[in-house]
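Report on the structure
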Amino acid sequence: MSTRKSPFFKKAEISLASPKAIEIWTERYFPNGQPINEVTSSETVNYKTLKPEPHGLFCQTIFGPVVDFTCACGKKATKLVKNKKFRGYCPKCGVERTSSRVRRYRLGLIKLKQPVAHSLYVSHRPSPLRLCLGWSTKRLQAVLKAVEFCYLPLIFTTFQSERECFSFFPKSFLLLRSQLTQKNEVFLEPRSSGFNENLSSSFFFKEKKRSKRKTGKVFPLRTSPRLFHKKHQKNRPRLVFNHGVIEARLYGIAYDATWPKVEEFQEFLFYLWEQSFFYESSIPYYAFAKGVKSYKEEIPKREQSYALQTGGLALQQILSHHDSSRFEYDLIYLSKKVSMILEILKENMASLNLDYEDDQKEYKKLLSKVKKLDLLLLKWKRQRELYRDFEVGKTQPAWMILNNLPVLPPGLRPITSIGGLVVASDINSFYRKIIIRNKRMSPRNNLGIFDTTLGGSWLSWCYNLRQVQEAVDELLRTGSVDAGRPLKSLLDGLKGKKGRFRQHLLGKRVDYSGRSVIVVGPKLKLHQCGLPKEMAVELFQPFIIQQLRLQGIVFTVTAAKVLIADRKPIVWSVLGEILKRHPVLLNRAPTLHRLGIQAFLPRLVEGKAILLHPLVCPAFNADFDGDQMAVHVPLSAKTRAEALSLLWSRNQLLAPSSGQPQHLPTQDMVLGFYYLTCSLEKTLKRVDSLVSSRKLFFQSSFFLKKKNEETLKNSIPQNLYFSEFSQVKTAYDIGNLTLHTPIWVKWTSCVQTFVPERHSRLKETLLETRLTFSGQRQTLFIDTCQFFSPSFFFGKKVRFIRTTPGRIFMHWCFFEANAEMSSTPTSKEKKSLEKK
Amino acid sequence: MMKTHNLFVSCIESRVQDQGSLYARFHIGTFFRGQALTFGNSIRRALLSEMPGFLMTDVRIQGATHEFAVLPDVEETVLEILLNLKKTVFVPRIPKNQKFETFQGFGFLKNNGPGKVRAADIRLPETVQCVSPEVHIATLTSGAELSLRFNLQFRNFSQLEKREGTFKSKTVAQAKTEDGNVQDTTNELPTLEKNSLFFQQLQNKRNSKDQLFLDTVPMPVQKVNYVIKSLNAKNGSEYIILEIWTDGSLYPQESVEFALRNLTDLFFQFANISKKSN
């Protein structure tokens, strides 16, 4: 069955499972049709031989053989099938002779005699169960622990609702013909009859149909399954829990009613509500008080039961009768109503005059009312959302109550002896506890007063119910303390860092991956990363071997490995060729969003650290104070293509969350830009020093001479004029200019300046305008000066701007480097710039 | 010691860029580890700052008393004309093998409008040639008259340095106070040219008011790049890729040759001195 080595998963879904679904998971039959899935004995293994006990928690019949292809009798499977009837099964012990691996897959089943609430749905906040019922947490817990009780009308306890039937036998079940046994065929039958076509098939239709044919009479309303009548569907119980229409609490009698008291009350009610049979109708009490149960003369069958119910059973009954669509409709209606009331209240509040004391009181009152109503609305909204979730997930609220408990495969909860000491998984003891306690319960829903399963005492029944509930709680969620040692529950095994998900499923060690410290790689392109040679050789070894063999350099894998181990030069050239078209994935530890893992084209570098482009650091939230990153190698061509199309760093320019640009310069880059673009003028506090230099510009040489001495004191060279950027560059290369020297350059297109606020006015004010006799015009600002030739409209305009060599280089890097790419490699240019 | 048979200087690529600029790429080797940087940096410095070349030292324009003046009916301002003049490139008109030591002379330009004035219009001495005749100098409208005269010098770095080196400290201070609106870099890098004959001349001519001063540094080599590549990682040998852009007045090949000889001279002198002092 499940001997495949790696079962192929298309998807995994976490949702509620119906009791039937659980049964189907575990369902397996002997060739003769006898089911084998239920664990009935609390035994585990023989303490001496460590052999599984039959029908116990490690039973070989249920879960599969311990030794491969060997049954419990010790007989090996032979290829000759002697008995066709028992194919694969040992006729003596009933163990299927297959691989022992199945013990890791096959589930067992514990049929709980009383339904028990799934503790995760009770305790988790906000608890879905509580929201469904509209009860308080305290009441819910009390009912589950059989402390409080709720009244259920007879129809609840006697008949299963249409919804419940439907949910227990889902449609898909009908299609599983191969799994059907003769027992299930019963359910298929009524489908063919045209009697009630709109209702799903259930056991009860059949019974009803038969009885109707026999008697030809309509059942008395009180006891008949009127739920299934098309006509009377309106009469179905409509539940609005908070309003107490149906369920009455026992608070009227005694809030803290103890079990004996409730038992007495139960019996009182029981006798009070008992209906007469036909033959009893002569008794005067029945004659005028109650309707007669049946006109048929037959052996009386007691359908009466205790009216007050408790535990998971009560919850299941309520939930399974739940009409969620109608309930949702109700909620919508009510919330509309309430919101209207709220509006009126708010209007009232607005109309109040808060100066008066009376109105203040009124205001407070209204305020508290509004708050309460707001809370109510919120609760209803949550309830609606919950029901929608159930609807969307195609699940039923009633499934939160467990009828069947699956038993974990024994391979996952082993009992082994280590050095003579028997070590058992914690979960085994929980299952044992559940089985033992479950045995004490009665399986029936409708307990009569004289029911033998009660053991003569309602009290002990309640106690047992609580015991089962607690045992299941321990298994699923809470765990328990046994002999001073906390036992791990199923939930503990799943959640947290050491849980199944984070430790074993997500935190798996991956093949073809490495890990190293990152350092900055300022010379990298955005799509590149630096990969240490040693790492690359290890990661790409299979590819190198493949290439070496394809190129005919070596003929065997071992020879290739020797070549690689010796680090022959050919290895590097082959590796370099491979890396040209092979991306790697880089990942930094808290992968909080999609950009936490990106693809790069690797470049071989010396040393042992991975080089990372500084611009992608914000995406990884990485810095270079010792951060580590993991490297993964996509293997197949498909994954490589995917890595390049989806994960490549140059495709991640914008952050997916906000649409903001992702690659913004930070830290060192900003500092570098600042250093490159700052001007010596900035070091001078006084602005008038700038102005004086401007005056210089226009003054005669005599005046200039005098001024020059002053400015030389400021150690700023004045009046350097250039007509082209290349001239600036040449002067800089020779060493006549520093990065920060203020210079004037001819420049016709736009300029962006970053002026401090206090200077901004100065920047914009016109310092000087000159008009010559020939009509030429010169205007002068602090940062620009413009020359206009005589003709006013078509005059050529020449503009000089004040800037620094550093700013020109920056401009050049941004705008002109690309243009020059064709003639000279820019990286070299930059390098020579940086060297200075 | 160095293996001599491994040495090479080879020109890999050579072409004419736009505006008459010449480009060439050399591979120079073989060096031991670290030597390439020493070599590369010193040859770069030598190429950039020690090349001899023609230089317009001062310009006299009729009607312009200072460089921010404006000429009637000329579209360009005097400042622009000066900047345009700076773009012109001159070469000595002599046979290749002959050595050109020093030169001093004048160039003239006289044009009436309307029309465009280009570098080809400049009248030059017999021994000097303009290699960038297309360079635009000014645009004249009708009635305009442009006449200018400039002083042209051929400056040889190494020669001047040898002769004037001793005056250094004094003349720098002088230059600082004197050079006025000359495009000035003295406070940044007191280059040795400032201590030269040129400055003495400059001081003499200072009294004539309408003289406009231009750049004092010849820049026949515009840009030099070098990249160090490893030739053989095991024994650590390296070579240099050297890229040179010149303004067209000399070939990159010549400039490399010249720079190497200059450097050799320089180091050789110090080697002699140190030998003597020991």
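Being a predicted model, the structure only gives us computed values, none of them experimental.

1. Structural notes on the overall build of chain B
Across its full length, chain B carries six helices and twelve strands. The long-range share in chain B, meaning contacts at least 24 apart out of those at least 6 apart in sequence, stands at 71%. Accessible area of chain B: about 13,700 Å², with a carbon and sulfur share of 53%.

2. Comments concerning the UniProt feature "binding site: Mg(2+)" in chain A
Residues and elements named next belong to chain A. As recorded in UniProt, the sites labelled "binding site: Mg(2+)" are Asp623, Asp625 and Asp627. Inspection of the secondary structure assignment puts Asp623 in the loop between helix H24 (617–620) and strand S14 (628–632). Position of Asp627 relative to the elements: it lies in the loop between H24 and S14. The exposure class of Asp627 is buried, given its relative accessible area of 10%. With sequence-adjacent residues up to four places away left out, Asp627 is seen in contact with Ser516, Val517, Ile518, Arg588, Asn621 and Ala622.

3. Quick notes on helix H13 (residues 311–320) of chain A
Counting along an α-helix, one turn takes 3.6 residues, and residues three or four places apart therefore face a common direction. Across the ten residues of H13(A), ten count as buried, placing the element largely inside the fold. Of all the positions in H13(A), only A:Gly311, A:Gly312, A:Leu313, A:Ala314, A:Leu315, A:Gln316, A:Gln317, A:Ile318, A:Leu319 and A:Ser320 are classed as buried.

4. Comments concerning the sheet that holds strand S19 (residues 784–788) of chain A
Residues and elements named next belong to chain A. Reading across the sheet, the six strands line up as S15-S16-S20-S19-S18-S17 and stay open at both edges, with mixed pairing between neighbours. Two strands lie at the open edges of the sheet, namely strand S15 (721–722) and strand S17 (768–771), each paired on one side alone. Note that S17 and strand S18 (residues 777–780) share four bridges and pair antiparallel. Residue Leu771 lies in a different strand from S18, and its bridge partner there is Arg777.

5. Section: the side chain of B:Ser147
All names here are of chain B. Of note, Ser147 is situated in strand S9 (residues 145–155). Ser147 gets classed as buried once you look at its relative accessible area, which sits at 12%. Separated by 2.6 Å, the side chains of Ser147 and Gln62 make a polar contact. Filtering out sequence-adjacent residues up to four positions away, Ser147 remains in contact with Arg60, Ile61, Gln62, Leu109 and Lys110.

6. Observations concerning the nonpolar core
Residue and element names in this part refer to chain A. Leu129, Leu133, Trp135, Leu140, Leu315 and Leu319 are the most contacted members of the largest nonpolar core, which totals 35 residues. Looking at this core, the elements that each hand over two or more residues are helix H4 (128–133), helix H5 (137–144), H13, helix H14 (324–351) and helix H15 (357–392). Apart from the residues lying within four places of it in its own chain, the contact partners of Leu315 are Leu129, Leu133, Trp135, Leu140, Val143, Leu144 and Ile401.

Definitions and limits used
Residues numbered from 1 in each chain as written. Chains lettered and ligands numbered in written order. Predicted model: local features only at pLDDT ≥ 70, side-chain atom pairs only at ≥ 80, totals over all residues. Heavy atoms only, no water. Helix = DSSP H or I, 4+ residues; strand = E, 2+ residues; numbered from the N terminus. Contact = heavy atoms within 4.5 Å. Areas by Shrake-Rupley, 256 points an atom, 1.4 Å probe, with all protein chains shown as cover. UniProt positions renumbered as here; feature names shortened; annotations may be inferred. Buried < 20%, exposed > 50% of the residue type's maximum accessible area, 1.4 Å probe, protein only. Pairing = 2+ DSSP bridges. Polar contact = N/O pair within 3.5 Å; in protein donor to acceptor, adjacent residues only side chain to side chain. Core = buried A, V, L, I, M, F, W, Y, C linked by side-chain atoms within 4.5 Å.

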